[in-house]
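# Overview (structure and organization)
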Amino acid sequence: QVQLVESGGGLVQPGGSLRLSCAASGSIFNTMGWYRQAPGKQRELVATVTSGGSTNYAVSVMGRFTISRDVAKNTVYLQMNSLKPEDTGVYYCNANVLRGYSSYAYWGQGTQVTVSS
């Protein structure tokens, strides 16, 4: 059974930093990443990383956030620096599993990030 366990959210002042972690188990994962959802808005991509280490970022977080991955531990991290109030939201870990010609997406339970003074 696939499980994604997130940690690291919290309250931080503007300009501060947080590090999110997501430990995945139960399968071999292809692309993993982070998405976020602000109140009243749709869930949006933050960053993804493939099993080969290729990364992709939302324009709004480029230069401030860094995604990394420990393939051996099936863990993905999101280092968030220079946080802004607009980064506030619930952050969800995502992991994809390839089975044959199909890709299956799994989600964590979400962790709250609040950027406020």
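The following paragraphs examine the structure supplied in this document. Residue positions within a chain follow its written sequence, with the count starting from 1. pLDDT decides what is reported in this predicted model: residues at 70 or higher carry local features, side-chain atom pairs at 80 or more are listed and counted, and totals for whole chains, interfaces and linings draw on all residues regardless. Side-chain figures throughout are based on the complete set of non-hydrogen atoms in the structure, without hydrogens or water.

Further remarks concern unusual backbone geometry. The phi angle at Asn74 is positive, at roughly 55 degrees, despite the residue not being glycine. Working definition: helices are DSSP H or I runs of at least four residues, strands are E runs of at least two. Numbering for both runs from the N terminus. Structurally, the position occupied by Asn74 is in the loop between strand S7 (65-70) and strand S8 (75-80). Under the scheme applied here, a residue whose accessible area is under 20% of the maximum for its type counts as buried, over 50% as exposed, and between as partly exposed, the area being computed with a 1.4 Å probe on protein chains only. By relative accessible area, Asn74 is classed as buried at 17%. Of note, the phi angle at Ser82 is positive, near 50 degrees, even though the residue is not glycine. Mapped onto the fold, Ser82 is located in the loop between S8 and strand S9 (89-99). We classify Ser82 as partly exposed; its relative accessible area is 42%.

So, on to the state of the cysteines. Two cysteine sulfur atoms form a disulfide, by the criterion used here, when they sit within 2.5 Å. Applying the stated criterion across every chain, the model contains one disulfide. Cys22 shares a disulfide with Cys93; S-S distance 2.1 Å. Across the S-S bond of Cys22 and Cys93 the torsion is about -80 degrees, and the bridge reads as left-handed. A residue pair is termed long-range when its members are at least 10 positions apart, and Cys22 in strand S3 (residues 18-25) and Cys93 in strand S9 qualify at 71 residues. When its relative accessible area of 0% is taken as the criterion, Cys22 is described as buried. Cys93 gets classed as buried once you look at its relative accessible area, which sits at 0%.

Glancing now at the environment of Ala58. Tracing the backbone through its elements, the reader meets Ala58 in the loop between strand S6 (55-57) and S7. Residue classification places Ala58 among the buried residues on the basis of a relative accessible area of 16%. Ala58 sits ten residues away from Thr48 along the chain, and the two C-alpha atoms are 9.2 Å apart. Whether two residues are in contact is decided by their heavy atoms: any pair within 4.5 Å suffices. Setting aside residues up to four positions removed in sequence, Ala58 forms contacts with Leu45 and Val46.

As a further point, take the packing of aromatic side chains. Only Phe, Tyr and Trp rings are paired, with Trp represented by its six-membered ring, and only when their centres lie within 6.5 Å; those with planes under 30 degrees apart are stacked, over 60 edge-to-face, the remainder tilted. Summed over all chains, the structure comprises one aromatic pair. Between Tyr35 and Trp107, the ring centres sit 5.0 Å apart and the planes meet at 70 degrees, which makes this aromatic pair edge-to-face. A residue pair is termed long-range when its members are at least 10 positions apart, and Tyr35 in strand S4 (residues 32-37) and Trp107 in strand S10 (residues 102-107) qualify at 72 residues. Given the relative accessible area of 19%, Tyr35 is considered buried. In this structure Trp107 comes out as partly exposed when scored by relative accessible area, which is 39%.

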